[in-house]
Amino acid sequence: MTLIEGVALREVLDSRGEPTVEAEVYTESGAIGHGIAPSGASTGEHEAIERPPAEAIAAAREHAVPRLVGEVWAGDQRGVDAALRAADGTDNFSEIGANSAVAISMAAADAAAEVLGTPLYQHLGGSFRGRNYPVPLGNVIGGGEHAADATDIQEFLAVPVGAPSVSEAIFANAEIHRAVGDLFAERDVPCGKGDEGAWAPPVSDETAFDVAARAVERVADAVGFEIRLGIDVAATELWDGEHYVYSDETRTPDEQVEYMHELIDRWDLVYVEDPLEEDDFDGFVALTERAPSDTLICGDDLFVTNTERLVRGIEIEAGNSILIKPNQIGTLSATVDAIDLARERGFAPVISHRSGETEDTTIAHLAVAMNAPYIKTGAVGGERTAKLNELIRIADNA
Ligand code: PGA
Ligand code: ZN
């Protein structure tokens, strides 16, 4: 393997038009790897710290780059990530920024794949993984922090559980997205789009469920395989410290658990993310106990891709699934640790984008490398289709 010879850091645009950190890692053998940090809007309190890009870049140049250049083999991902940790010196990347850290971590992996002459998923997963493809969770209607004057629930997701192939699943989600747009147009509901490309109509959650369910039914009938519904409540954003505050109602924590049960039952939900606020482990336990065994109760802000928080959740059965976002924890090594822990203990890992995204495709490779059962990376829009099309390409070339 070849040593890292240089690391370039610069600001580039994300899908919201905000600056974000891009890293390029150069090796002595002439390979170049890229990685671009995504950025959240409904970020969890316990996530690693994203610094303003210019500050994150300056701090990483000062502290991290000297520990990498001429020091670490490009293919030694654990070594790269340990150097990033040591350079940062905190437990949440508040010095060099999780945005600089994750961009460098991903760029090093990309450079190593080029050196080895293998696709990134094979470098990350090895020869014995990468034979299964994730079911894509397609965001078709959304509001919350991702769109103003839209639904309270952040994401209404199409889940094509019965699709015979990843590409049929991806195309089905795009069809559902289109059908949702048609149904709102028929009802004369004006519809913009939110940060992730989902329709963001000024309607109640009830109406959004109704339209999403109709669109799913229409497309499922046409394609002939099972498609179900899921949601990301992003409940921390509704939580005021005592109650969950919806546009038309306020719910206590107990009422919130009850409401989630009603929704699971009524809409036959196969996936429910962040149904309760980010510190309510007990609420997750109460919901998981009574939920159908085939419904995924997924922690995003609850676990923040952090193995310490995940261990706590696993031990008390707070949920049965974890959302995996590399920039929540800052390195690919820590991300893989969270995925491996989840799998060992029977929690389903769901690899995820952020609301602020770019053309970076690392998470598509990560999902295949880790045999992840699900990926959440939108349904339409260039920064979303970058990952979806990469999945189609990987499956086609395999
Ligand atoms: P974020 O939202 O990227 O804005 O944090 C995505 C999610 O909550 O899953
Ligand atoms: Zn979420």
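Below you will find a few notes about this structure. (Residues numbered from 1 in each chain as written. Chains lettered and ligands numbered in written order. Predicted model: local features only at pLDDT ≥ 70, side-chain atom pairs only at ≥ 80, totals over all residues. Heavy atoms only, no water.)

Examined bridge by bridge, strand β1 (residues 4-13) and strand β2 (residues 19-27) share nine bridges and lie antiparallel to one another. Counterpart to Glu 11 in the pairing with β2 is Val 21. In textbook terms, the turn of a hairpin is the stretch between consecutive antiparallel strands, and for β1 and β2 this stretch comprises five residues, one of which, Gly 17, has a positive phi near 80°. (Pairing = 2+ DSSP bridges. Helix = DSSP H or I, 4+ residues; strand = E, 2+ residues; numbered from the N terminus.)

Moving on, we come to the environment of Gln 77. Here Gln 77 shows up in helix α3 (residues 77-88). The exposure class of Gln 77 is buried, given its relative accessible area of 13%. Counting along the chain gives 47 residues from Gln 77 to Leu 124, while the straight-line C-alpha distance between them is 9.0 Å. Ignoring anything within four residues of it in the chain, the contact list for Gln 77 reads Ser 105, Ala 108, Ala 109, Leu 332 and Ser 333. (Buried < 20%, exposed > 50% of the residue type's maximum accessible area, 1.4 Å probe, protein only. Contact = heavy atoms within 4.5 Å.)

Moving on to the coordination of the zinc ion (ligand 2). In ideal tetrahedral geometry, four donors around a metal make angles of 109.5 degrees, whereas ideal octahedral geometry with six donors gives angles of 90 or 180 degrees. With distances of 2.0 to 2.2 Å, the protein atoms coordinating the zinc ion (ligand 2) are Asp 232 (OD), Glu 273 (OE) and Asp 300 (OD). In primary sequence terms, the donor set of the zinc ion (ligand 2) follows D-x40-E-x26-D. Here Asp 300 lies in the loop between β12 (296-299) and α10 (307-316) and Asp 232 lies in strand β8 (residues 228-232), a separation of 68 residues in the sequence. As far as the burial class goes, Asp 232 and Asp 300 line up, both buried. (Donors = N, O, S within 2.8 Å, 3.2 Å for Na, K, Ca; no water.)

As a further point, take the site of ligand 1. If you check the shell around ligand 1, you find 16 residues, and the closest are Ala 41, His 146, Arg 354, Ser 355 and Lys 376. A distance of 3.1 Å separates an oxygen atom of ligand 1 from a polar atom in the side chain of Asp 232. Here an oxygen atom of ligand 1 and a side-chain polar atom of Ser 355 are 2.6 Å apart. The fraction of the free accessible surface of ligand 1 (280 Å²) that becomes covered by protein chains is 99%. Taken together, the residues that form the shell around ligand 1 break down as two nonpolar, six polar and eight charged. (Near = heavy atom within 4 Å. Polar contact = N/O pair within 3.5 Å; in protein donor to acceptor, adjacent residues only side chain to side chain. Areas by Shrake-Rupley, 256 points an atom, 1.4 Å probe, with all protein chains shown as cover. Nonpolar A, V, L, I, M, F, W, Y, C, P; charged D, E, K, R; others polar.)

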